[in-house]
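The chain contents come next:
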Protein chains: 2
Amino acid sequence: MSTQPAKRDARSKLLDAALSVIRTKGYSATTVDELCAAAGVTKGAFFHHFRSKEELGVAAAEYWSETTGALFAQAPYHDCADPLDRVLGYVSFRKDLLEGGVADFTCLVGTMVQETYQSTPAIRDACERSISGHAETLESDIEAAMRVRNMCPDWTPASLALHTQAVLQGAFILAKAKGGPAIAADSIDHLTRYLQLLFSPATTDPQS
Amino acid sequence: MSTQPAKRDARSKLLDAALSVIRTKGYSATTVDELCAAAGVTKGAFFHHFRSKEELGVAAAEYWSETTGALFAQAPYHDCADPLDRVLGYVSFRKDLLEGGVADFTCLVGTMVQETYQSTPAIRDACERSISGHAETLESDIEAAMRVRNMCPDWTPASLALHTQAVLQGAFILAKAKGGPAIAADSIDHLTRYLQLLFSPATTDPQS
DNA sequence: GACGACATACCGACTGGTTGGTATGTATCG
DNA sequence: CGATACATACCAACCAGTCGGTATGTCGTC
């Protein structure tokens, strides 16, 4: 469904505007009028394509999943032979994305879910699907890396995949607080170090 | 300054209400009327104590720093002899706090900074002070743990202290997305595992 | 200890601008 | 012609902030 031949119609202009405006100001503080102005369309066009602001929020989260999904699917780290190198390559790729203003590299759904998790279940669920779906793309590589090393740890591939997302989301919060990507990069370095230690042959099963 | 004899006046009722309402709905979606209703005071009282909603946001962040600061200052993990045990005890203490509804254990300033980092510098700075100030309480223990082990790694105590905050903030986002603290606990377990590996005598200097 | 002057704390009706949403018109395309 | 894709005008509710008022100190003076 969707993915019509990419015409520059009002709907996709609104979704593109939503990504940048909501990442800058948050969902609640973003007004429909502002979105229309940023997209260069009228309010009539907005409510033609979306029944409500909430529906746009859900659509924006799905659009985010599509565009970022495509970005990561074609990233070079998938070519590594060792599955651990693919995981480390993913993290390194995330670090490379830390460029430009804070609003340019932070995560739409991480921002939105904070504001909507209680008030707007539809948006929260869309954000949850986006985060979990993205984390799942890491699971098979994590699992393969474990199999290669005959590891049977007390953590699951899913929990480690989600942990990488937690570190990234937390790094974005710190970047927003400090006004730049420097600390986010430091935190991603700590994540890389954790993965290296976790999969290092010396310490396959440190306890139990 | 401040710390008048803790009278149950309108100001502190409003600050208490702000902590719970803003953590539930976010800063932008929280209205002044709603805050007044939750605190059981009138709008006149609100604007008597705060010149604007923004000023309340700053005061709420500072109030958050004070109350959480007191909570952590009297926590039992400070009694451990080994500085690493104090750091691990802190993380374990954070895990123990994951109880009740999501709005009860998540972080006010982590939530607020996402919405205000661009639009409201005063609130962003107050959140930054809160996060960084809290992280600093970990630095001396991290530094001591490094000294005990004669470690000279390529990361700083400050960056590790902030990394713990990134993991916690990210864990809160995941908890909000998934509707419960389970994944947050998993992520905190990964953080504990990282600290143990990082300070384990076998791997003091894995590279360079 | 009565009294005036002033400050603090709070009340609640009101306001002007904003916001999400609607109603209706129109142009283009198949 | 009918459906899709917009545009324009409009509205009722809401929101942050204001303003005149009251109740309660509290400090100095005589």
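Residues numbered from 1 in each chain as written. Chains lettered and ligands numbered in written order. Predicted model: local features only at pLDDT ≥ 70, side-chain atom pairs only at ≥ 80, totals over all residues. Heavy atoms only, no water.

Trainee: Could you clarify how one ought to interpret the UniProt feature "DNA-binding region" (unreviewed entry) in chain A in this entry?
Mentor: According to UniProt, the "DNA-binding region" (unreviewed entry) feature falls on residues 31–50 of chain A. With 75% helix and 0% strand, the stretch residues 31–50 of chain A has end C-alpha atoms that lie 14 Å from each other. (UniProt positions renumbered as here; feature names shortened; annotations may be inferred. Helix = DSSP H or I, 4+ residues; strand = E, 2+ residues; numbered from the N terminus.)

Trainee: Whenever I open this one, the protein's contact with DNA strand C confuses me. Can you help?
Mentor: Close to DNA strand C lie 14 residues; Val 32, Lys 43 and Lys 53 of chain A together with Thr 42 and His 49 of chain B are nearest. Counting only atoms of DNA strand C within 4 Å of the protein, the fraction found in sugar and phosphate groups is 50%. In the model, a base nitrogen of DNA strand C is placed 2.8 Å from a nitrogen or oxygen of the Lys 43 of chain A side chain. Here a phosphate oxygen of DNA strand C sits 3.4 Å away from a polar atom, N or O, in the side chain of His 48 of chain B. Breaking the surface near DNA strand C down by element, the ones donating at least two residues are helix 3 (43–49) of chain A together with helix 3 (43–49) of chain B. When its residues are assigned to classes, the surface near DNA strand C shows four nonpolar, seven polar and three charged. (Near = heavy atom within 4 Å. Polar contact = N/O pair within 3.5 Å; in protein donor to acceptor, adjacent residues only side chain to side chain. Nonpolar A, V, L, I, M, F, W, Y, C, P; charged D, E, K, R; others polar.)

Trainee: It is not clear to me how the packing of helix 4 (residues 53–73) of chain A against helix 8 (residues 121–148) of chain A should be interpreted in this structure. Could you clarify?
Mentor: To describe two helices that pack against each other, one gives the angle between their axes and the distance between the axes. All names here are of chain A. Where helix 4 contacts helix 8, the axes come no closer than 8 Å and their chain directions differ by 10°. As far as their axial angle goes, helix 8 and helix 4 are roughly parallel. Along the contact surface, helix 4 presents Glu 54, Gly 57, Val 58, Ala 61, Glu 62, Trp 64, Ser 65 and Phe 72, while helix 8 presents Ala 122, Ile 123, Ala 126, Cys 127, Arg 129, Ser 130 and His 134. Of the residues that constitute the contact of helix 4 with helix 8, the class distribution is eight nonpolar, four polar and three charged. (Axes fitted to C-alpha atoms, helices over the stretch in contact; angles between N-to-C directions. Parallel < 35°, antiparallel > 145°, perpendicular 65-115°, else oblique. Contact = heavy atoms within 4.5 Å.)

Trainee: Explain the protein's contact with DNA strand D to me, please; I cannot follow it from the model alone.
Mentor: Taken together, 14 residues lie near DNA strand D, and Thr 42 and His 49 of chain A together with Val 32, Lys 43 and Lys 53 of chain B sit nearest. Note that a phosphate oxygen of DNA strand D is positioned 3.2 Å from one of the side-chain N or O atoms of His 49 of chain A. One of the backbone N or O atoms of Val 32 of chain B is found 2.9 Å from a phosphate oxygen in DNA strand D. Those elements giving two or more residues to the surface near DNA strand D turn out to be helix 3 of chain A together with helix 3 of chain B. A total of four residues in the surface near DNA strand D trace back to one element, the largest contributor, which is helix 3 of chain A. Taken together, the residues of the surface near DNA strand D sort by class into four nonpolar, seven polar and three charged.

Trainee: I tried to follow the interface of chain A and chain B on my own but got confused; where do I start?
Mentor: How big an interface is tends to be reported as the loss of accessible area on association of its parts. Of the residues lining the interface, 47 residues belong to chain A; the matching set on chain B comes to 47 residues. Each partner contributes to the roughly 4,300 Å² buried at the junction of chain A and chain B, and carbon and sulfur atoms together form 66% of this total. Three residues stand out in chain A for area buried against chain B, namely Gln 114, Tyr 117 and His 190 of chain A, and they jointly supply 16% of the buried area on that side. Between Lys 178 of chain B and Glu 128 of chain A there is a salt bridge; the shortest N-O distance is 3.2 Å. (Buried area = accessible area lost by both parts, 1.4 Å probe. Salt bridge = Lys/Arg side-chain N within 4 Å of Asp/Glu carboxyl O.)

Trainee: Please clarify how the relation of the copies chain A and chain B should be interpreted in this entry.
Mentor: After a rotation of 180° and a shift along the axis of 0.0 Å, chain A superposes on chain B with an RMSD of 0.0 Å. Those values place the two copies in the arrangement expected of a two-fold rotation axis. Taking C-alpha positions as the reference, the residue of chain A nearest the rotation axis is Gly 170 of chain A, at 2.0 Å. In this assembly the copies share their binding face: 100% of the residues contributing to the interface of chain A also contribute to that of chain B. (Least-squares fit on C-alpha atoms with pLDDT ≥ 70 in both.)

Trainee: It is not clear to me how the side chain of Lys 176 of chain B should be interpreted in this structure. Could you clarify?
Mentor: Along the chain, the position of Lys 176 of chain B falls in helix 9 (residues 157–178). There is no salt bridge for the buried Lys 176 of chain B, and the closest opposite charge comes from Glu 115 of chain B, which lies 7.9 Å off by N-O distance. (Buried < 20%, exposed > 50% of the residue type's maximum accessible area, 1.4 Å probe, protein only. Lys, Arg positive; Asp, Glu negative; His and termini not counted.)

Trainee: Mind showing me how you'd approach helix 4 of chain A here?
Mentor: Within an α-helix, residues lying three or four positions from one another point in the same direction, as the helix has 3.6 residues per turn. All names here are of chain A. For helix 4, with 21 residues, the first-to-last C-alpha span of 30 Å sits near the 30 Å given by 1.5 Å per residue. Within the span of helix 4, buried status applies to Leu 56, Gly 57, Val 58, Ala 59, Ala 60, Ala 61, Tyr 63, Trp 64, Thr 68 and Phe 72. In this structure, the buried side of helix 4 is in contact with helix 1 (10–25), helix 2 (32–39), helix 3, helix 5 (83–96), helix 7 (108–116) and helix 8. (Expected span 1.5 Å × (residues − 1).)

Trainee: Would you take a moment to explain the pattern of salt bridges for this structure?
Mentor: Residues and elements named next belong to chain B. Within the structure shown, the criterion is met by 20 salt bridges over all chains. Between Arg 86 and Asp 141 there is a salt bridge, and its shortest N-O distance comes to 2.8 Å. With a gap of 55 residues between them, Arg 86 in helix 5 (residues 83–96) and Asp 141 in helix 8 (residues 121–148) connect regions that are remote in the sequence. Accessibility assignment for this pair places Arg 86 and Asp 141 in one class, buried. The partner of Asp 189 in a salt bridge is Lys 95, and the shortest N-O contact between them spans 2.9 Å. Taken as a pair, Asp 189 in helix 10 (residues 182–199) and Lys 95 in helix 5 lie far apart in primary sequence, 94 residues in all.

Trainee: Quick question: what am I supposed to make of the environment of Pro 157 of chain B here?
Mentor: All names here are of chain B. For Pro 157, the position within the fold is in helix 9. Among the residues examined, Pro 157 registers a relative accessible area of 16% and is labelled buried. Each residue touching Pro 157, except ones within four places of it in the same chain, is listed here: Glu 139, Ile 142, Glu 143 and Met 146.

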